[in-house]
Amino acid sequence: MELLKRLYAINSKSGSEAAIKKLVLRELASVECTIEEDDSGNLFITKGEAECYPGVTAHLDEVHEPVCRSIVTEGDMVYGLDVEGHRVGIGADDKNGLWVILKLLRAMPVLKAVLFVEEEKTTIDGEEVAGCRGSRACSLSAFDDVRYLLAIDRKGSADVVTKSKGGVVLCDESFLPEDVLAEYGYKCVEGGRTDVTALRERGLTIPCCNISCGYYNAHKSDEYTLFSQLEHTLRFVAALIERL
Ligand SMILES: [Zn+2]
């Protein structure tokens, strides 16, 4: 919970990911891994030696404007308040994905993690700019030694997005072991665009999907996380990686 609160306390509006990257690098200082940054600012983290790695991804940015926010826990629920006590978004979309990945990088002997910048749509000089800018600009050859890519960037607690709205297939549902889905209470669904959609559109052929990680009301001031669901996501993703 302490790490999650530190992630939420940092604002990482799209294009301003320096502070959140600094926290990620500090967290990984005690983990034996290599970290590379591409020209767009995306981070590629490799742990262990393998011919072909299990892959996970999340995005570093959030939609919320920088305001001073305190992080409040009420039972299982985690949310943000500004200095006047009004609810503010915490960027749980997609700090929750970052939290899971930081935990996995500690626990798993072999893993490749890609943390993208600028996944969210934004406005630059008054102009609407499409999202997935980091994943649309990165080199696809970075995935040559990756078997599959699990995005951890979906609202709620029980979805694995295997097809994006607009018809982009992320993976064949048979890729996901039915017994693991059933044991953890997840099901395959169609869902919104995220980085793995952009990568598949660009021609990435490895199986991808996007997994629920316990956040609700994303992009809104009343955004919140149910912490037990986030912990459940970590166990589910670890179980998938063990199997796949
Ligand atoms: Zn997101």
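Read on for an overview of the structure.

Criteria and thresholds
Residues numbered from 1 in each chain as written. Predicted model: local features only at pLDDT ≥ 70, side-chain atom pairs only at ≥ 80, totals over all residues. Helix = DSSP H or I, 4+ residues; strand = E, 2+ residues; numbered from the N terminus. Buried ≥ 20, exposed ≤ 12 C-beta atoms within 10 Å, placed from the backbone. Pairing = 2+ DSSP bridges. Expected span 1.5 Å × (residues − 1). Arc of directions from axis to C-beta. Contact = placed C-beta atoms within 7 Å.

### Some details on unusual backbone geometry
A cis amide bond, omega 20°, links D93 with the succeeding residue D94. Structurally, D94 can be placed in helix α3 (residues 92–107). With a phi angle near 50°, E118 is a residue other than glycine that sits in the positive phi range. With respect to the helices, strands and loops of the structure, E118 is situated in the loop between β7 (111–116) and β8 (122–124). What makes E118 buried here is the crowd of 27 C-beta atoms within 10 Å. Within the chain, C132 stands out as a residue other than glycine whose phi angle is a positive 55°. Looking at C132, the number of C-beta atoms within 10 Å reads 22, which means it is buried.

### Concerning the pairing of strand β2 (residues 43–47)
Where burial is concerned, the two faces of β2 differ: the one with L43, I45 and K47 is buried and the one with F44 and T46 is not. Pairing of strand β1 (residues 34–37) with β2, which is carried by four bridges, proceeds in the antiparallel orientation. The residue bridging E36 from the neighbouring strand is F44, located in β2. Count of turn residues in the β1/β2 antiparallel hairpin: five residues, of which G41 carries a positive phi of about 100°.

### Comments concerning helix α7 (residues 227–243)
A rise of 1.5 Å per residue sets the reference length of α7, with its 17 residues, at 24 Å; its end C-alpha atoms lie 25 Å apart and thus fit the reference within 8%. Within the span of α7, buried status applies to L230, T233, F236, V237 and L240. The buried residues of α7 occupy an angular sector of 115° when the element is viewed end-on, so they sit on one face. Opposite its buried face, α7 presents the exposed residues R235, E242 and R243, each directed more than 90 degrees away. Looking at the buried residues of α7, the elements they touch are β3 (53–59), α3, β10 (146–154), α5 (178–184), β14 (208–212) and β16 (224–226).

### Regarding the pairing of strand β4 (residues 70–74)
Note that β4 and strand β5 (residues 77–81) share five bridges and pair antiparallel. Considered in β5, the bridge of I71 is made with G80. Turn length for the β4-β5 hairpin, with the two strands adjacent in sequence and antiparallel, is two residues, and the turn residue G75 shows positive phi of about 65°.

Everything listed here is a matter of coordinates, which is why it stays silent on function.
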